[in-house]
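# Coordinate inspection notes
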Amino acid sequence: MYDFDAEMAHCANDVERALGDRLSAARLSGPGPAPERLVDAMRHGSLEGGKRLRPLLVRQAAAIFSVPAERTLPAGLAVEMIHCYSLIHDDLPAMDNDDLRRGRPTVHKAYDDATAILAGDALLTHAFDLLADPDCHPDASVRIALVTELARGSGAGGMVGGQMRDIEGEQGQLSPAEIATMQAMKTGALIRASVRMGAILGGADARALAVLTAYAEASGRAFQLADDILDVTATAEALGKAAGKDAALGKQTLVATLGLEGARKHLADTVNAALSALRTFGPKADGLRATARFFASREH
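First, a word on what this report is: a plain description of the structure on this page. Worth saying up front: this structure is predicted, and the values here are computed from it rather than measured.

Cut-off values and rules
- Residues numbered from 1 in each chain as written.
- Predicted model: local features only at pLDDT ≥ 70, side-chain atom pairs only at ≥ 80, totals over all residues.
- Heavy atoms only, no water.
- Helix = DSSP H or I, 4+ residues; strand = E, 2+ residues; numbered from the N terminus.
- Rg over C-alpha atoms; globule rule 2.2 N^0.38 Å.
- Buried < 20%, exposed > 50% of the residue type's maximum accessible area, 1.4 Å probe, protein only.
- Contact = heavy atoms within 4.5 Å.
- Areas by Shrake-Rupley, 256 points an atom, 1.4 Å probe, with all protein chains shown as cover.
- Expected span 1.5 Å × (residues − 1).
- Arc of directions from axis to C-beta.
- Salt bridge = Lys/Arg side-chain N within 4 Å of Asp/Glu carboxyl O.
- Phe/Tyr/Trp six-rings, centres within 6.5 Å; stacked < 30°, edge-to-face > 60°.
- Lys NZ or Arg CZ within 6 Å of the ring centre and 35° of its normal.

### Focus on the overall build of the protein
Across its full length, the protein holds 16 helices and 2 strands. What you see for the protein is a C-alpha radius of gyration of 18 Å, in line with the 19 Å of a compact globule of 300 residues. Dimensions along the principal axes, computed over C-alpha positions, put the protein at roughly 50 × 50 × 35 Å. Looking at the protein residue by residue over its 300 residues, the buried ones come to 52%. Across the protein, the fraction of contacts at a sequence separation of at least 24, relative to all contacts at a separation of at least 6, is 74%. Of the roughly 13100 Å² of accessible surface on the protein, 56% is carried by carbon and sulfur atoms.

### Here's the deal with helix α8 (residues 140–154)
With 15 residues, α8 extends 21 Å from end C-alpha to end C-alpha; this agrees with the ideal 21 Å at 1.5 Å per step. Where α8 is concerned, the buried positions are Val 142, Arg 143, Leu 146, Glu 149, Leu 150, Gly 153 and Ser 154. An end-on view of α8 places all buried positions within 125 degrees of arc, on one side of the element. α8 presents Ile 144 and Arg 152 as exposed residues on the side facing more than 90 degrees away from its buried surface.

### Looking at the pattern of salt bridges
By the definition in use, this model includes 19 salt bridges. Between Lys 109 and Asp 99 there is a salt bridge, with the nearest N and O atoms lying 3.8 Å from each other. Taken together, the residues span a long stretch of sequence, with Lys 109 in helix α6 (residues 107–110) and Asp 99 in the loop between α5 (73–90) and β1 (100–101) at a distance of 10 residues. Take Asp 99: its relative accessible area is 43%, and that puts it in the partly exposed class. Close ionic contact of Asp 166 with Lys 186 constitutes a salt bridge, the shortest N to O distance being 2.6 Å. Here Asp 166, found in helix α9 (residues 159–169), pairs with Lys 186, found in helix α10 (residues 176–201); they are 20 residues apart in sequence, far enough to count as distant. Residue Asp 166 is classed as buried on the basis of its relative accessible area, which comes to 5%. By relative accessible area, which is 22% here, Lys 186 ends up partly exposed.

### Some remarks on the packing of aromatic side chains
For any pair of aromatic rings, the description consists of the separation of the ring centres together with the inter-plane angle of the planes. All told, the structure shown has 2 aromatic pairs when counted by the stated rule. On the numbers, 5.3 Å between centres and 40 degrees between planes, the contact of Phe 4 with Phe 294 is tilted. Taken together, the positions of Phe 4 in helix α1 (residues 4–22) and Phe 294 in helix α16 (residues 286–297) put the pair 290 residues apart, joining distant regions of the chain. Taken as a pair, Phe 4 and Phe 294 share a single burial class, namely buried. With 5.0 Å between their ring centres and 80 degrees between their planes, Phe 223 and Phe 295 make a pair best called edge-to-face. Here the residue Phe 223 occupies a position in helix α11 (residues 206–233), and Phe 295 occupies one in helix α16, the gap between them amounting to 72 residues. Both residues of the pair, Phe 223 and Phe 295, belong to the buried class. Sitting over the face of the ring of Phe 223, Arg 54 holds its NZ or CZ atom 5.3 Å from the ring centroid. The residue whose ring lies beneath Arg 298 is Phe 223, and the NZ or CZ to ring-centre distance is 4.0 Å.

Written as structure tokens, this is what we have:
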């Protein structure tokens, strides 16, 4: 019987161990030695916390095509490094100005603003170094496809663009459609990229990729909806970061637009859409199904 909690824990352990090995001065050095303070800040912002859901999605999507879990690890690490860089930058005073992340001081609080910016920059850069390495995949065309997917998911038309739309939304009212677009970019684009990268590793054909993309887009919407609901309902202790920040900062969310109960109904409908997208797959997609359900039921 499939055990989601066990798979999530196993993936998180694999990612933690591999990230810890990767984020060392020896592994990060290039023409010159990587500065110790910079490496320490990168490690602070990446290790000892997080559910590692994006590498899990890479793993689960690839598993549909019988790709061994260990072969997905470099791509999963690349996605996680992008995610961690985005959190470091998102916490900065010029952005969300958060003091806590995963129950610990944020990187700019533990170090300083400049070091936090550089730690994020370095994580972003080294993510693509991982994907370009032949250890990621022996076929250069697959590596190129992975680089392209992650770049588009995390760039101006994806995660970073969504963050910009989020900031713009603080200055004026957004329609529900505009909020959905912003959230699909800010949060959903990296989830979408994670699933598609797993499919690319598995050599998915166009039809399978389209089906998994539909799942990923619905799952991304579910994750953000659940996040917005938790921001209203959960405590800072449960979240490991400040609660109630969206309302305090004037963030545009579907919870604010639809109300709490309306958002919960929309969340249930969105998870059903994600599950429906996988109906053509058999038990090999059970991991993806469980992750979509987890997105809706998580408590932090």
